[in-house]
Amino acid sequence: MLQKPRDYDTAASYDSDFERLPVGGYVVEIKKMEETVTPKTNTVMIVVSFDIAEGAYKDYFAKQYKRDKSREVTSGREAKWRGTYNVFPYTNDGLTNPSFKGLLTCIEKSNYGFRIEWPLNLEVFKGKKLGLLFREEEYEGYDGTIKTSIKACATRTVDCINNEEYNVPAKKTLNKIVSSASSGAPNGQSVYTSQEYTPVTVEDDDLPF
């Protein structure tokens, strides 16, 4: 018979719950960029699908997707790729949205020799590197309770992320932006480490790209 380990009662437990991505900055790889429209206002929007490309959380969203895919039958919920960043290319008067230009500028600066050419072919962005900042955001659940999630909220260059030249984004509440998160680093820079999350090699067979 199997004997009980000496530290079983106090040992860490890894169950089926997926570890939340810490807020901060990450280098990502673009898996797909596509043009779509919002369902309510029919406004043009660019959806950037990505995954973490470096560090302890590499392939985070691929692993998450494969977990959800394996649960589709029992959960009754279709697996969706959760690593996305949405941006509107145009302002209300049809001019350039600064956030959209910031996205393209950060991609150019993060990929040596890559240049934006117009009209924009979104397929050329696949495989390109980019820096993204993630923050905690509140949302209202189906039961009316306030829940939180971690979402990409701003673009940066890869060098900016690797050199930690950014501030941890403030939490977004349903009412207003509250004070910035404390990072424990100088000038509000982010320090994020994990001794629990183990990077894994993810096969591409079951991924949506």
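Before reading further, recall that the structure is shown in the block above.
Scoring rules and cut-offs
Residues numbered from 1 in each chain as written. Predicted model: local features only at pLDDT ≥ 70, side-chain atom pairs only at ≥ 80, totals over all residues. Heavy atoms only, no water. Pairing = 2+ DSSP bridges. Helix = DSSP H or I, 4+ residues; strand = E, 2+ residues; numbered from the N terminus. Axes fitted to C-alpha atoms, helices over the stretch in contact; angles between N-to-C directions. 1 Å grid on protein atoms, 1.4 Å probe; cavity = no way out; pocket = protein on both sides within 12 Å on 5 of 7 lines; lining within 4 Å. Points joined across faces, edges and corners; volume = space filled by probe spheres on them. Nonpolar A, V, L, I, M, F, W, Y, C, P; charged D, E, K, R; others polar.

**Thoughts on the sheet that holds strand E1 (residues 24-37)**
In a beta sheet, neighbouring strands are held together by backbone hydrogen bonds and run either parallel or antiparallel to one another. The strand order E3-E2-E1-E4-E5 describes an open sheet built from five strands, whose pairing is antiparallel. Of all strands in the sheet, those with a lone pairing partner are strand E3 (84-87) and strand E5 (146-156), marking the two edges. Taken over all neighbouring pairs, the strand axes of this sheet differ in orientation by 40 degrees on average, direction set aside. Sheet topology note: the strand E4 (residues 129-140)/E5 ladder contains 10 bridges and is antiparallel. Paired with Tyr 139 across the bridge in E5 is Lys 147.

**Focus on the layout of surface pockets**
Here the largest pocket is characterised by a volume of approximately 1,400 Å³. For the largest pocket, the lining is made up of 36 residues, of which Gln 64, Arg 82, Tyr 139, Ser 149 and Lys 151 are closest to its centre. Secondary structure elements with two or more residues in the lining of the largest pocket: helix H1 (60-70), E3, E4 and E5. Here the lining of the largest pocket takes seven residues from E5, the largest share from any one element. Its residues assigned to classes, the lining of the largest pocket shows 14 nonpolar, eight polar and 14 charged.

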